[in-house]
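A look at the structure
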Amino acid sequence: MSTATPASDPLHPVLAALETPAALVEMERVRRNLARVSTYAAAHGLAWRPHAKTHKSRRFAGMQMQAGAVGLTVATLAEAEELGAIAGDLLLAYPPLGEARLRRLVELPARRLAVMLDSAEALAGVAEAARAAGREVEVVVEVDAGMGRLGVDVPAAAVALARGTVDAGLPFRGVGFYPGHVRSRLAEQRGQLRAVSARLGAVREALAAAGLPPAVVSGGSTPTLWCSHEIDGLTEIRPGTSIFNDRSTALVGACAADELAYTVLATVVSTAVPGQAVVDAGSKALGREEAPLGAAGFGALLERPEVTVRALSEEHGTLDLSQTDWRPRVGERVRIVPNHVCISVNLQEGLWLLEEGADAEWSPVSARHRLRRPPTAG
Ligand SMILES: Cc1ncc(COP(=O)(O)O)c(C=O)c1O
């Protein structure tokens, strides 16, 4: 009888003892994933500033810094507060609007701090808060590289913000972008990345002509990670997902099957309906994220990628058995690779870290919260 976690799997005894659903991280794969990015960045002369939104954990932030990251990227103030003691150099890649966020920003423990923003309003808030706190906050002007989410879309607007930064007495670090619209297979990304280079090139030229050349051009994502060197003028990459990878990363060809470090361990709770099996990992464990390239399902089994999660309820995941002869029994355990790992991690209180030959170690996802934490009693 074949199972998704065979007895020959060195992790098997550890997995059998865990309650499900449980988020698992294979540490040897994480170390390899980090080394691969670090080597790539060094080979292309790129600074590596991984986005911590994927793991939201001190443990993994520390591993990234040890593997050669220059600092971390964060999206929330909670991530910055939690990880600032580990990485003394933070980029908040999210415009900090509102008094509460600005107060938290200037109180951060990080030695070096930058924010990425795209409006005069956000700039004015940062300048005022930095001045009041006597804190240096560098500015990265966000440019829309084609995604159409954040970022100024004409070079003159980037120049205006860079000049406004200097006039406000803040250091202008450079420009940043996020190519979230590029989700094609690696071999098909070239055209889109040329368009990204062209947009950035126009901004860099305008800034240089205005006497404000950007020292840093910061951008990138996991789907585009291995083509980052094709983006003209790029100096810094900010991949998040690549520490663990996920089904989306595998589908676009940005990771191999043995680079999938994160899975959700689940138990088959029903096979009553023919052609399917229901597991105890639903949308509250996996997240309800679509797959790229029109692929079906909300995740797939690690050992049997042809078995996808066809439907989700909050605590139920329905496995589609139409593409396999495998017929699981009730009580059998499977490992599911979610479509988007960052969402799944954010749904977990903690992760089980797996090392061959050792007990699983619990590691909290300690920066999942958003609001400032009240001081813990005792
Ligand atoms: C601003 C920014 N930078 C970097 C990233 C990292 O992208 P990925 O998780 O694809 O590596 C993201 C992802 O959402 C982002 O929003």
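Shown above is the structure to which this text applies.
Residues numbered from 1 in each chain as written. Predicted model: local features only at pLDDT ≥ 70, side-chain atom pairs only at ≥ 80, totals over all residues. Heavy atoms only, no water.

**Remarks on the environment of Gly331**
The criterion, for reference: Each helix is a run of DSSP H or I of at least 4 residues and each strand a run of E of at least 2, with the numbering of both proceeding from the N terminus. Here the term buried applies to any residue with accessible area under 20% of the maximum for its type, exposed to any over 50%, and partly exposed to those in between, with areas from a 1.4 Å probe on protein chains only. By definition in these notes, contact holds between two residues if any of their heavy atoms fall within 4.5 Å.
Tracing the chain through its elements places Gly331 in the loop between β14 (317–320) and β15 (333–338). When its relative accessible area of 39% is taken as the criterion, Gly331 is described as partly exposed. The spacing of Gly331 and Thr267 is 64 residues in sequence and 5.8 Å in space, taken between C-alpha atoms. Discounting residues that sit within four places of it in the chain, Gly331 has contacts with Thr267 and Val268.

**A closer look at the packing of helix α7 (residues 155–167) against helix α8 (residues 190–209)**
Applied cut-off: Axis angles are defined between N-to-C directions and span 0 to 180 degrees, where every axis is a line fitted to C-alpha atoms and, for a helix, only to the segment in contact. In this scheme, roughly parallel covers angles under 35 degrees and roughly antiparallel covers those over 145, while 65 to 115 is roughly perpendicular and the rest are oblique. In this scheme the handedness of a crossing depends on how the near helix is turned from the far one: anticlockwise by less than a right angle means left-handed, clockwise means right-handed. Polar here means any residue outside two lists: the nonpolar Ala, Val, Leu, Ile, Met, Phe, Trp, Tyr, Cys and Pro, and the charged Asp, Glu, Lys and Arg; Gly therefore counts as polar.
Relative to each other, α7 and α8 sit at 45°, their axes nearing to 9 Å. The angle between the axes of α7 and α8 places the two elements in the oblique class. In terms of crossing hand, the pair formed by α7 and α8 is right-handed. Between α7 and α8, the residues in contact are Pro155, Ala158, Val159 and Ala162 and Ala202, Val203, Ala206 and Leu207, respectively. A class-by-class count of the residues in the contact of α7 with α8 yields eight nonpolar, no polar and no charged.

**Some points on unusual backbone geometry**
With omega at 0°, the peptide bond leading from Thr20 into Pro21 counts as cis. Within the secondary structure, Pro21 is located in the loop between α1 (12–16) and β1 (22–26). Even without being a glycine, Lys56 presents a positive backbone phi close to 50°. Inspection of the secondary structure puts Lys56 in the loop between β2 (47–48) and α3 (58–66).

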